[in-house]
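The residues making up each chain are set out below.
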Amino acid sequence: MQVSPSLLSADFANLTPDLEMINASEADLLHLDVMDGVFVPNISFGFPVMKAVAKVCRKPLDVHLMIVEPQNWISQVRDLNAEYMVFHQEACTHIHRTVQAIHAAGMKAGVSLCPATPVGTLEDIIGDLDQVLLMSVNPGFGGQPFIPHVVEKVRKLRRMIDESGSKALINVDGGVNASTGALLAEAGADILVAGSYVFGAPNPNEAIHSLKVL
Ligand code: DX5
Ligand code: ZN
């Protein structure tokens, strides 16, 4: 299993020790949650903070944009040297054009779905995607309880990806811990995002390891 700890639950007054922990850990990616107060009812951090984080972080960045008009921010995300630029289906009218532009900027492209958005909506774009990010909470906040219905969505998406020959990885975000993570692994997830489970743990490395082995 690939693990993508979410910086949203780190200590914003003192990020360096948390980033050094991530650098030295088994984590595969660092997940950065950008919120605009419009698409979601919260505001997190923006490009000045992410630039500073990118300088210290040695893991590839998994940038999750919970913002309207994500297509306007492609060059700024590219300037972070991000591995993935992930945006919401619900926040973007021209998904195909945006995915092409992300690829042209040299990044991998991901589309995220809120809990109520069916995976079938991606049927005609799945072959172009590098990642699908299924939200297992309503986006906007860390520390919310896992929505169990998402396990079935992972199973459906796994089938769609395998049948289409798409290379997209299935990432799941929200309420992930060792027990919900085990259900998601069994259903076919490739990457797990975890915020409060990692940064709230007495030993974050053990929490990361407990997801790695799934
Ligand atoms: C929520 C964010 C998540 C958040 C997950 O909108 O997209 O990445 O950090 O937090 P936990 O793992 O605590 O549910
Ligand atoms: Zn996220």
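Bear in mind that the values here come from a model prediction, so they are computed numbers and not experimental data.

The rules we used
- Residues numbered from 1 in each chain as written.
- Chains lettered and ligands numbered in written order.
- Predicted model: local features only at pLDDT ≥ 70, side-chain atom pairs only at ≥ 80, totals over all residues.
- Heavy atoms only, no water.
- Donors = N, O, S within 2.8 Å, 3.2 Å for Na, K, Ca; no water.
- Tetrahedral: all angles 85-135°; square planar, octahedral: opposite > 155°, others 65-115°.
- Helix = DSSP H or I, 4+ residues; strand = E, 2+ residues; numbered from the N terminus.
- Buried < 20%, exposed > 50% of the residue type's maximum accessible area, 1.4 Å probe, protein only.
- Near = heavy atom within 4 Å.
- Polar contact = N/O pair within 3.5 Å; in protein donor to acceptor, adjacent residues only side chain to side chain.
- Areas by Shrake-Rupley, 256 points an atom, 1.4 Å probe, with all protein chains shown as cover.
- Nonpolar A, V, L, I, M, F, W, Y, C, P; charged D, E, K, R; others polar.
- Contact = heavy atoms within 4.5 Å.
- Arc of directions from axis to C-beta.
- Lys, Arg positive; Asp, Glu negative; His and termini not counted.
- Salt bridge = Lys/Arg side-chain N within 4 Å of Asp/Glu carboxyl O.

A.B. asks: Could you give an account of the coordination of the zinc ion (ligand 2), naming the residues involved and the relevant values?
C.D. replies: Distances from the zinc ion (ligand 2) to its protein donors, namely His31 (NE2), Asp33 (OD), His64 (ND1) and Asp173 (OD), fall within the range 2.0 to 2.3 Å. Around the zinc ion (ligand 2), the 6 donor atoms sit at angles spanning 71 to 168 degrees, and that spread fits a shape best called octahedral. Of note, the donors binding the zinc ion (ligand 2) are all from one chain and are spaced H-x1-D-x30-H-x108-D. Of this pair, His64 sits in strand S3 (residues 61-66) while Asp173 sits in strand S7 (residues 169-173), and the two are 109 residues apart along the sequence. Since its relative accessible area comes to 0%, His64 is described here as buried. The buried category is assigned to Asp173, whose relative accessible area is 9%.

A.B. asks: Please set out the site of ligand 1 residue by residue, giving values where relevant.
C.D. replies: Within the structure, ligand 1 sits among 20 residues, and Ser6, Gly140, Asp173, Gly195 and Ser196 are positioned closest to it. Contacts to ligand 1 include His31, whose side-chain N or O atom sits 3.3 Å from an oxygen atom. Gly195 places a polar main-chain atom, nitrogen or oxygen, 2.8 Å from an oxygen atom of ligand 1. For ligand 1, the accessible surface in isolation is 380 Å², of which the surrounding protein chains cover 100%. Residue assignment for the shell around ligand 1 shows that the elements contributing at least two residues are strand S2 (30-35), S3 and strand S8 (191-194). Tallying contributions element by element places S2 first for the shell around ligand 1, with 3 residues. When its residues are assigned to classes, the shell around ligand 1 shows 8 nonpolar, 10 polar and 2 charged.

A.B. asks: Mind laying out the environment of Pro5, listing which residues take part and the relevant values?
C.D. replies: In this fold, Pro5 is placed in strand S1 (residues 2-5). For Pro5, a relative accessible area of 0% gives the class buried. With 189 residues separating them in the primary sequence, Pro5 and Ala194 have C-alpha atoms 4.8 Å apart. Setting aside anything within four residues of it in sequence, one finds Pro5 in contact with Ile22, Ala27, Leu29, Leu30, His31, Ala194, Val198, Phe199 and Ile208.

A.B. asks: Which residues make up helix H4 (residues 95-104), and what values go with them?
C.D. replies: All buried positions along H4 are accounted for by Ile95, Thr98, Val99 and Ile102. Down the axis of H4, the sector holding all buried residues measures 100 degrees, keeping them to one side. Facing away from the buried surface of H4 by more than 90 degrees, the exposed residues are Arg97 and Ala104. Where H4 is buried, its residues meet helix H3 (74-78), strand S4 (84-88) and strand S5 (108-113). Note on H4: the residue one or two positions beyond its end, Gly106, has a positive phi of about 90 degrees.

A.B. asks: Outline the side chain of Lys59, supporting the account with residue identities and numerical values.
C.D. replies: Residue placement: Lys59 occurs in the loop between helix H2 (47-56) and S3. One buried charged residue, Lys59, remains without a salt bridge, the closest side chain of opposite sign being Asp28 at 6.9 Å. From its side chain, Lys59 meets the backbone oxygen of Ser25 in a polar contact 3.0 Å long. The residues touching Lys59, leaving out its near neighbours within four places in the chain, are Ile22, Asn23, Ser25, Glu26, Ala27, Asp28, Leu29 and Leu30.

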